[in-house]
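Given next are the chains, with one letter for each unit.
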Amino acid sequence: PPPFPAALKDADPIRRQAGAEVLCAARGVAAHGLVRPLLEDPKASVRLRVALVLTESLDPAAVPVLIDHLGSAGVNERKRIEETLSRLAGDWSF
């Protein structure tokens, strides 16, 4: 089997992020069930990156994670989160 599902449980947060990104890129929505548990990862950086990846295919499970990160994100991260949420909101955005 490919190593990427195993990467989701790796001790290294960068490998968990990379595994989620590769799985979502390769399998699309079919990978979401494997990747969603990382929305509750102990590392905020993993939760945020996974949420951003999941929103690329409009997974609503990622939205609360993005909202939670708004208060603690740095300027660049906050801008990216706001842009992502605005894109998701579409016509409802202001």
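For the structure itself, consult the block above.
As a convention, each chain's residues are numbered from 1 in the sequence order in which they are written. Reporting of local features is limited, given that this is a predicted model, to residues whose pLDDT is at least 70; pairs of side-chain atoms are given and counted only at 80 or more, and all residues count toward the totals for whole chains, interfaces and linings. Side-chain metrics rest on all non-hydrogen atoms present in the structure, leaving aside hydrogens and water.

**A look at the environment of Ala6**
Part 1: In this text, helices come from DSSP runs of H or I with a minimum length of four residues, and strands from runs of E with a minimum of two, each type numbered from the N-terminal end. As for its placement among the helices and strands, Ala6 is situated in helix 1 (residues 4-7).
Part 2: The rule is simple: take the accessible area with a 1.4 Å probe, protein chains only, and divide by the maximum for that residue type; under 20% is buried, over 50% is exposed, in between is partly exposed. Residue Ala6 is classed as exposed on the basis of its relative accessible area, which comes to 55%.
Part 3: Sequence spacing of Ala6 and Gly19 is 13 residues, and the spatial spacing of their C-alpha atoms is 7.9 Å.

**A short note on the side chain of His32**
Part 1: Counting through the fold element by element, His32 comes out in helix 3 (residues 32-35).
Part 2: We classify His32 as buried; its relative accessible area is 2%.
Part 3: Residue contacts are counted whenever heavy atoms from the two residues lie within 4.5 Å of one another. The residues contacting His32, other than those within four sequence positions of it, are Cys24, Leu54, Ser57 and Asp59.

**Structural notes on the nonpolar core**
Part 1: As used in this record, nonpolar core signifies buried Ala, Val, Leu, Ile, Met, Phe, Trp, Tyr and Cys residues forming a set joined through side-chain atoms within 4.5 Å. Counting 21 residues, the largest nonpolar core has Val35, Val50, Leu54 and Leu66 as its most contacted members.
Part 2: Those elements that provide at least two residues to this core are helix 2 (13-27), helix 4 (44-55), helix 5 (63-70) and helix 6 (75-89).
Part 3: Looking at which element gives the most residues to this core, the answer is helix 4, with seven residues.
Part 4: Dropping the residues within four chain positions of it, Val35 is found in contact with Leu8, Ala20, Leu23, Cys24, Val50 and Leu54.

**A closer look at the packing of helix 4 against helix 5**
Packed helices, taken two at a time, are described by the angle their axes make and the gap between the axes.
Part 1: Relative to each other, helix 4 and helix 5 sit at 135°, their axes nearing to 9 Å. What the angle tells us is that helix 4 and helix 5 run oblique. The handedness of the crossing between helix 4 and helix 5 comes out as left-handed. Contacts from Ala44, Arg47, Leu48, Ala51, Leu52 and Thr55 in helix 4 reach Val65, Leu66 and His69 in helix 5.
Part 2: Tallied by class, the residues present in the contact of helix 4 with helix 5 amount to six nonpolar, two polar and one charged. Lines fitted to the C-alpha atoms define the axes, with helices restricted to the stretch that makes contact. Angles between their N-to-C directions range from 0 to 180 degrees. The cut-offs work like this: below 35 degrees is roughly parallel, past 145 is roughly antiparallel, 65 to 115 is roughly perpendicular, and the gaps in between are oblique. Each crossing is labelled by how the near helix is turned from the far one, with a counterclockwise turn of less than a right angle marking it left-handed and a clockwise turn marking it right-handed. In this classification, Asp, Glu, Lys and Arg are treated as charged, Ala, Val, Leu, Ile, Met, Phe, Trp, Tyr, Cys and Pro as nonpolar, and every other residue, Gly included, as polar.

The quantities given are spatial measurements derived from coordinates; they are silent on function.
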